[in-house]
Amino acid sequence: GKHHPSPDRTPLKAPEGDILLGVDHLLFVLGLLLIVTDRWMLLKTVSAFTLAHSITLAIATLGYASAPGPPLNAAIALSILFLGPEIVRRWRGESSFTIRHPWVVAFAFGLLHGFGFASGLTSMGLPQAEIPIALLLFNVGVEAGQLFFVALILGLERAFRVLEIRWPRWAEALPGYTVGALGAFWTIQRAVILFGGVR
């Protein structure tokens, strides 16, 4: 019986981190968009996030450092959960360090997200010689997707303003609560995976 994996361990070994990598990354970007209203600050914030995850993506993919998967996935989920209350503070007209300096928070969490991307890239099992070009193409792909997403959200926001659509209060609050709720759900789910794997 020694060669058979124990049945109760199998579900814990397959967190959907890689599939959701793009989704939780975009959800974090959406959270940033909901906090930052000034265009210049938004540019600084998205650039800081991009720079940070490009640094750790390169460091991890080239083998200089790595982060263990389950704690990393839980930390990425926490980064999304962290933005939920900040979005609510923003709506109430309150202030916080994140609202005043969103680019600092974006940079710090961007370092985490870069390690997350690296786990997605290295799991492809590339030969050593192909890693630098794959890294470059992967990063360009990530940036293009991120810029498209930001442009899409800003375009929708502008369209709603021009069309003067009056949303009910709950509909306006929906994106913010989605960020917080999914962040909370993934944090709990990934903490279960993390501590389940430790047992």
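Reference entry: report on the structure contained in this document.

What counts and what doesn't
- Residues numbered from 1 in each chain as written.
- Predicted model: local features only at pLDDT ≥ 70, side-chain atom pairs only at ≥ 80, totals over all residues.
- Heavy atoms only, no water.
- Helix = DSSP H or I, 4+ residues; strand = E, 2+ residues; numbered from the N terminus.
- Buried < 20%, exposed > 50% of the residue type's maximum accessible area, 1.4 Å probe, protein only.
- Contact = heavy atoms within 4.5 Å.
- Axes fitted to C-alpha atoms, helices over the stretch in contact; angles between N-to-C directions.
- Parallel < 35°, antiparallel > 145°, perpendicular 65-115°, else oblique.
- Left-handed = near helix turned anticlockwise from the far one by under 90°.
- Nonpolar A, V, L, I, M, F, W, Y, C, P; charged D, E, K, R; others polar.
- Expected span 1.5 Å × (residues − 1).
- Phe/Tyr/Trp six-rings, centres within 6.5 Å; stacked < 30°, edge-to-face > 60°.
- Patch = residues over 30% accessible without salt bridge, like charges linked within 9 Å, V, L, I, M, F, W, Y side chains within 5 Å.
- Areas by Shrake-Rupley, 256 points an atom, 1.4 Å probe, with all protein chains shown as cover.
- Salt bridge = Lys/Arg side-chain N within 4 Å of Asp/Glu carboxyl O.
- Polar contact = N/O pair within 3.5 Å; in protein donor to acceptor, adjacent residues only side chain to side chain.
- Core = buried A, V, L, I, M, F, W, Y, C linked by side-chain atoms within 4.5 Å.

Right, let's talk about the side chain of Thr56 for a bit. Within the element layout of this structure, Thr56 appears in helix α3 (residues 39–61). Of the residues examined, Thr56 reaches a relative accessible area of 5% and is grouped as buried. Beyond its immediate chain neighbours, meaning those up to four positions away, Thr56 contacts Gly110, Leu111, Gly114 and Phe115.

Here α3 crosses helix α7 (residues 131–162) at 155°, and the two axes come no closer than 11 Å. Taken as axis vectors, α3 and α7 run roughly antiparallel relative to one another. Seen along the crossing, α3 lies across α7 with a hand that is right-handed. In this structure, α3 uses Arg39, Leu42, Val46, Phe49, Thr50, His53, Ser54, Leu57, Ala58 and Thr61 to contact α7, whose residues at the interface are Ile131, Leu135, Phe138, Asn139, Val142, Glu143, Gln146, Leu154 and Glu157. Grouping the constituent residues of the contact of α3 with α7 by class yields 10 nonpolar, 6 polar and 3 charged.

Let us look at helix α4 (residues 69–91). Taking 1.5 Å per residue as the helical rise, α4 with its 23 residues ought to reach 33 Å, and the 34 Å between its terminal C-alpha atoms agrees with that figure. Residues Leu72, Asn73, Ala74, Ile76, Ala77, Ser79, Ile80, Leu83, Gly84, Glu86, Ile87 and Val88 constitute the buried set of α4. Phi for Gly93, located one or two positions after α4, is positive at around 75°.

Moving on to the packing of aromatic side chains. Applying the stated criterion across every chain yields a total of 6 aromatic pairs. Ring geometry for Phe160 versus Trp167: centroids 5.0 Å apart, planes at 80°, classification edge-to-face. The class of Phe160 is partly exposed, set by a relative accessible area of 32%. Joined through ring pairs, the aromatic side chains of Phe28, Phe49, Phe82 and Phe109 make up one cluster.

A separate point is the environment of Phe82. Counting through the fold element by element, Phe82 comes out in helix α4. Each C-alpha atom, one on Phe82 and one on Gly180, is 7.6 Å from the other, the two residues being 98 residues apart in sequence. Sequence-distant contacts of Phe82, defined by excluding residues within four places in its chain, comprise Thr98, Val105 and Phe109.

A contiguous nonpolar surface patch, about 670 Å² in accessible area, is contributed by Phe148, Leu152, Leu156, Phe160, Leu163, Ile165 and Trp167. One can find Phe148 in helix α7.

This paragraph deals with the side chain of Ser96. Considering the arrangement of structural elements, one finds Ser96 in the loop between α4 and α5 (97–100). In terms of polar contacts, Ser96 uses its side chain to reach the side chain of Glu86, at 2.5 Å.

As a further point, take the nonpolar core. Most often, soluble globular proteins keep nonpolar side chains buried together rather than apart. Counting residues in each nonpolar core, the largest one holds 24 residues, and the members touching the most others are Phe28 and Val179. Mapped by element, the contributors of at least two residues to this core are α2 (17–35), α3, α4, α6 (102–122), α7 and α8 (169–198). The leading source of residues in this core is α2, at 7 residues. Residues in contact with Phe28, not counting those within four places in the same chain, are Phe49, Ser79, Ile80, Leu83, Ala106, Phe109 and His113. In this structure, Leu57, Phe117, Ala118 and Leu135 belong to the second largest nonpolar core, which totals 7 residues.

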